[in-house]
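Here's the letter readout for the chains.
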Amino acid sequence: MAKPRVEQAAERLWKYIVDNELEVGTKLPNEYELATVLEVGRSTVREAVRALAGRNILEVRQGSGTYISSKKGIAEDPLGFSLVKDRVKLTTDLFELRYLLEPRIAERAAQFATDEDIENLEKVVIAIEEAVEKGDPVHLELDVKFHTMLAEMSGNIAMTSLSPVINESIHLINEDYTSRQMKDSSLKAHRNILHAIKTRHPIAAYDSMLGHILEVRQTVLAEWFNKDIPLHGMRR
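The protein is annotated in an unreviewed UniProt entry as FadR family transcriptional regulator of Streptococcus hillyeri.

Draft legend 1. Examining the packing of aromatic side chains more closely. Summed over all chains, the structure comprises 0 aromatic pairs. For the cation-ring pair, R61 lies above Y67, with the distance from its terminal atom to the ring centre recorded as 3.9 Å.

Draft legend 2. Up close: the environment of K27. The residue K27 is located in the loop between α1 (5-19) and α2 (31-38) in this model. The exposure class of K27 is partly exposed, given its relative accessible area of 47%. Measuring from C-alpha to C-alpha, the distance between K27 and G65 comes to 6.8 Å, with 38 residues separating the pair along the chain. Those residues within four positions of K27 in sequence are excluded, and the remaining contacts are S64, G65, T66 and Y67. Of the polar contacts made by the side chain of K27, one reaches the backbone oxygen of S64; its length is 2.8 Å.

Draft legend 3. Main features of the pattern of salt bridges. Per the counting criterion, the structure on display carries 13 salt bridges. Across the pair R61 and E59 runs a salt bridge whose closest N-O atoms are separated by 3.5 Å. On the basis of relative accessible area, R61 is assigned to the partly exposed category, the value being 35%. We classify E59 as partly exposed; its relative accessible area is 32%. Taken together, the shared-partner salt bridges connect E122, E129, R191 and K198 into one network.

Draft legend 4. Local environment of the packing of helix α5 (residues 115-134) against helix α6 (residues 138-153). α6 packs onto α5 with a crossing angle of 160° between their chain directions and a minimal axis gap of 9 Å. Judged by the angle between their axes, α5 and α6 are roughly antiparallel. With respect to the hand of their crossing, α5 and α6 are arranged in left-handed fashion. Of α6, the residues touching α5 (which contributes D117, I118, N120, L121, V124, V125, A127, I128, A131 and V132) are V138, H139, L142, D143, K145, F146, M149, L150 and M153. Partitioned by chemical class, the residues of the contact of α5 with α6 number 14 nonpolar, 2 polar and 3 charged.

Draft legend 5. Here's a closer look at helix α3 (residues 42-54). Its 13 residues place the ends of α3 18 Å apart at the C-alpha level, agreeing with the 18 Å of an ideal helix rising 1.5 Å per residue. Taken together, the buried positions of α3 are T44, V45, A48, V49 and L52. An end-on view of α3 places all buried positions within 140° of arc, on one side of the element. Looking at the buried residues of α3, the elements they touch are α1, α2, β1 (58-61) and β2 (65-68).

Draft legend 6. Structural view of the side chain of T219. Position of T219 among the secondary structure elements: in helix α10 (residues 202-226). A relative accessible area of 11% places T219 in the buried class. At 3.0 Å, the side chain of T219 forms a polar contact with the backbone oxygen of E215.

Draft legend 7. Spatial organisation of the pairing of β2. When β1 meets β2, the two strands line up antiparallel, connected through 4 bridges. Within the sheet, the bridge partner assigned to E59 lies in β2 and is Y67. Counted between consecutive antiparallel strands, the loop separating β1 from β2 contains 3 residues, among which G63 sits at a positive phi close to 80°.

Rules used in this analysis
- Residues numbered from 1 in each chain as written.
- Predicted model: local features only at pLDDT ≥ 70, side-chain atom pairs only at ≥ 80, totals over all residues.
- Heavy atoms only, no water.
- Phe/Tyr/Trp six-rings, centres within 6.5 Å; stacked < 30°, edge-to-face > 60°.
- Lys NZ or Arg CZ within 6 Å of the ring centre and 35° of its normal.
- Helix = DSSP H or I, 4+ residues; strand = E, 2+ residues; numbered from the N terminus.
- Buried < 20%, exposed > 50% of the residue type's maximum accessible area, 1.4 Å probe, protein only.
- Contact = heavy atoms within 4.5 Å.
- Polar contact = N/O pair within 3.5 Å; in protein donor to acceptor, adjacent residues only side chain to side chain.
- Salt bridge = Lys/Arg side-chain N within 4 Å of Asp/Glu carboxyl O.
- Axes fitted to C-alpha atoms, helices over the stretch in contact; angles between N-to-C directions.
- Parallel < 35°, antiparallel > 145°, perpendicular 65-115°, else oblique.
- Left-handed = near helix turned anticlockwise from the far one by under 90°.
- Nonpolar A, V, L, I, M, F, W, Y, C, P; charged D, E, K, R; others polar.
- Expected span 1.5 Å × (residues − 1).
- Arc of directions from axis to C-beta.
- Pairing = 2+ DSSP bridges.

The following block contains the structure:
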């Protein structure tokens, strides 16, 4: 059975993006040009664009055009974390995954990051510090960006697709458990990780990230104990 016209057009558009190696932020040709390239009508182009936007491959900016999305096709909740009711269990389990992923990510970033990567990472670290100082909640979004950038700098293209695991953990912690003490320790940890990467010291980057995760986890545990929250199935 032949695929629906819109689905075929979406696949052709996706192939066009891949074949032309379009980078994040690249603006696509206008609707008329795409219709010619895809050999379909303009209404079908609109539907194909809408389909790829729904998959976080494209981003439609009203009055500006259609661009390659920075989300790179990653779904907002690909692993169904939003459906997990036990937030305590989810938080502890995500910590366990972060132990496995993030120290190695930082280690690889120290090895493979470009000078431009490091310069951009430092800008984010500074922006986080300024936001925390002002009490601006944008520091939460910047914190996620810091960890996402590290995954991208690792040189492992699969790491970026695993970013939702890290991002969900950060969101849970920031929503439920962030204290001034945790913020201050995180700022210091970010500086340590950045320094290790700038000096191209993989072991220091690994240790700094591991220490960061451990310290955040200990702070969260302390809050749970103070609130007498049961930790069933908690692993050491």
